[in-house]
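The chain contents come next:
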Amino acid sequence: MTNRAIQLTVLLMLTSLPSRAAPTAPNTVFFPSADGKTEIVAYLFKPPSSGPHPAIVLLHGRGGPYSINVNKGCTLVSRTSPSAECNAGGLSKRHVMWGQYWADRGYVALLPDSFGPRGKAHGFGRFTHGDPDRADVNELTVRPLDAEGALSWLRSQNDIVGNRVFLQGWSNGGSTALNVMQRQGAATSDFRAALAFYPGCGPKALLAQTLTSGAPITMLLGSNDEEVSPLECQDVAQRSIVAGSKIDVVLYPGATHDFDDPGQRRQSIPANAAASADAQTRAIGFVEGMTK
């Protein structure tokens, strides 16, 4: 497909999407992580209509939930130590886009910050997986407990349909989402399904190289990912499918890491623009298929 054809395809897909309500700033909420010791700060995007609503938990990547334009000097973000930069107004464009995306479609979206409450709101740069400073915010044994805390909190809210809560994660958050589903195992009464955008799938990122999940998972990968290996994810998915898990893999030719980042640098790559548009359409189709 030529670049021109890709651009026309993206335009047609975008114009077919439902019109969006005017964005509203997310609410800031707090809830306990399932680790039993950390209070998580999170950002809540709500539909304009009254509930009850299905919900989705959004798991940020290794850069954290905040924009790189403001997060450099951020450390602790908590109820008692609010940050002047890293807060609801400092979220990255991608997280705001997706939070509003789900709210526009009738879902409550909850974005927990796993780093700020642990003094690391600045996030981490590319290729820092071996950084020892990341150990106490890791995707194996720490962040899954934040996601589970988010699920418990959502289920305590009167406007949430408790058996229709989904999970979406990017990169490190995508790995976290896969680990949550592995911890959940054959149960289908917790997170209903998971979307994992370009996760790390190596042995250092996942609890198991063969996932056991009773709930469906969709992996969305870019063939030209410069940070993680899409081949490793395809291998994990194939073994997991053979073992009985329901996993769909979407590989976008030419797409890079962060292909859905709405910033100009990523979206100026035609393959990323096409992948982002398809991923948005695919995401709502995936969850709507399980909310009837």
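See the structure shown above.
This is a predicted model, so every value here is computed, not measured.

About the thresholds
Residues numbered from 1 in each chain as written. Predicted model: local features only at pLDDT ≥ 70, side-chain atom pairs only at ≥ 80, totals over all residues. Heavy atoms only, no water. Helix = DSSP H or I, 4+ residues; strand = E, 2+ residues; numbered from the N terminus. Rg over C-alpha atoms; globule rule 2.2 N^0.38 Å. Buried < 20%, exposed > 50% of the residue type's maximum accessible area, 1.4 Å probe, protein only. Contact = heavy atoms within 4.5 Å. Areas by Shrake-Rupley, 256 points an atom, 1.4 Å probe, with all protein chains shown as cover. Lys, Arg positive; Asp, Glu negative; His and termini not counted. Charge placed at Lys NZ, Arg CZ, Asp CG, Glu CD. Phe/Tyr/Trp six-rings, centres within 6.5 Å; stacked < 30°, edge-to-face > 60°. Pairing = 2+ DSSP bridges. Right-handed = clockwise from strand over helix to strand, strands pointing away. 1 Å grid on protein atoms, 1.4 Å probe; cavity = no way out; pocket = protein on both sides within 12 Å on 5 of 7 lines; lining within 4 Å. Points joined across faces, edges and corners; volume = space filled by probe spheres on them. Nonpolar A, V, L, I, M, F, W, Y, C, P; charged D, E, K, R; others polar. Axes fitted to C-alpha atoms, helices over the stretch in contact; angles between N-to-C directions. Parallel < 35°, antiparallel > 145°, perpendicular 65-115°, else oblique. Left-handed = near helix turned anticlockwise from the far one by under 90°.

Engineer: Help me understand the overall build of the chain in this model?
Structural biologist: The helix and strand tally for the chain stands at seven helices and eight strands. Relative to its length of 292 residues, the chain is compact, with a C-alpha radius of gyration of 18 Å against a globular reference of 19 Å. The 292 residues of the chain split such that 54% are buried. Contacts spanning at least 24 positions in sequence make up 76% of the contacts within the chain whose residues lie at least 6 apart. When the accessible surface of the chain is split by element, carbon and sulfur atoms take 55% of a total near 12,300 Å². Counting 26 positive and 24 negative side-chain charges, the chain places the centres of these two groups 3 Å from one another.

Engineer: Whenever I open this one, the packing of aromatic side chains confuses me. Can you help?
Structural biologist: One pair of aromatic rings is described through two measures. These are the centre distance and the angle between the planes. Considering all chains together, one arrives at 15 aromatic pairs under this definition. With 5.5 Å between their ring centres and 75 degrees between their planes, Trp98 and Phe197 make a pair best called edge-to-face. Of this pair, Trp98 sits in helix H2 (residues 93–104) while Phe197 sits in strand E6 (residues 194–197); the two residues are 99 residues apart in sequence, bridging distant segments of the chain. For the pair Trp98 and Phe197, one class covers both residues: buried. For the ring pair Tyr198 and Phe259, a centre distance of 5.3 Å and an interplane angle of 80 degrees mean the geometry is edge-to-face. With Tyr198 in the loop between E6 and strand E7 (217–222) and Phe259 in the loop between strand E8 (247–252) and helix H6 (264–267), this residue pair connects regions lying 61 residues apart in the sequence. You can call Tyr198 buried: its relative accessible area is 0%.

Engineer: Honestly, the pairing of strand E4 (residues 108–113) in this entry has me stumped. Any pointers?
Structural biologist: Remember that side chains alternate between the two faces of the sheet whenever the strand is regular. With six of six residues buried, E4 lies mostly within the body of the structure. The side-chain alternation of E4 yields two buried faces, one formed by Val108, Leu110 and Pro112 and the other by Ala109, Leu111 and Asp113. In this sheet, E4 lies alongside strand E2 (residues 39–45) in antiparallel orientation, the contact comprising five bridges. Along E4, the bridge assignment pairs Val41 with Asp113. Handedness of the crossover joining strand E3 (residues 53–59) and E4 through H2: right-handed.

Engineer: Looking at this structure, how should I read the layout of surface pockets?
Structural biologist: Space left empty within the atom packing is revealed by a probe, the size of a water molecule, rolled over the atoms. Looking at the largest pocket, its volume works out to about 750 Å³. If you trace the largest pocket, you find 30 residues lining it, with Arg62, Ile68, Ser92, Asp258 and Asp261 closest to the centre. The residue makeup of the lining of the largest pocket, split by class, is six nonpolar, 15 polar and nine charged. The computed volume of the second largest pocket comes to approximately 340 Å³. Lining of the second largest pocket is provided by 21 residues; of these, His129, Arg134, Gly200, Glu227 and Val228 occupy positions nearest its centre. Its residues assigned to classes, the lining of the second largest pocket comprises five nonpolar, nine polar and seven charged.

Engineer: I keep staring at the sheet that holds strand E1 (residues 27–32) and nothing clicks. Help me out?
Structural biologist: Either a parallel or an antiparallel arrangement is found when strands of a sheet pair, and the pairing is made through backbone hydrogen bonds. Ordered by their spatial adjacency, eight strands build an open sheet running E1-E2-E4-E3-E5-E6-E7-E8, and the pairing between neighbours is mixed. Only two strands of the sheet have a single neighbouring strand rather than two, namely E1 and E8. Averaged over all pairs of adjacent strands, the angle between strand axes in this sheet comes to 25 degrees, irrespective of strand direction. Here E7 runs beside E8; their pairing, made up of six bridges, is parallel. Bridging from a neighbouring strand, Gly222 pairs with Tyr252 of E8. Across the sheet, helix H4 (residues 172–184) touches E3, strand E5 (160–170), E6 and E7, and the angle it forms with E5 is around 135 degrees. Where helix H7 (residues 270–288) meets the sheet, it contacts E5, E6, E7 and E8, and its direction lies at approximately 165 degrees from that of E8.

Engineer: Just to check I follow, could you spell out unusual backbone geometry for this structure?
Structural biologist: If a residue is not glycine, its phi is most likely negative; likewise, a peptide bond is most likely trans. That bond from Gly51 to Pro52 is cis: its omega, 5 degrees, falls within 30 degrees of zero. Turning to its location among the elements, Pro52 is positioned in the loop between E2 and E3. One non-glycine residue, Ser171, lies in the positive phi region at around 55 degrees. Assignment of secondary structure puts Ser171 in the loop between E5 and H4. A positive phi is found at Tyr198, a non-glycine position, where the angle reads about 35 degrees.

Engineer: Help me understand the packing of H2 against H7 in this model?
Structural biologist: Helices that pack against each other are described as a pair by the angle of their axes relative to one another and the distance between those axes. Taken N-terminus to C-terminus, the directions of H2 and H7 make an angle of 45 degrees; their axes are 12 Å apart at the nearest point. Between H2 and H7, the interaxial angle falls into the category oblique. Seen from above, H2 lies across H7 with right-handed handedness. Residues Met97, Trp98, Tyr101 and Trp102 of H2 form the contact with H7, whose own contacting residues are Ala279, Gln280, Thr281, Ala283, Ile284 and Val287.

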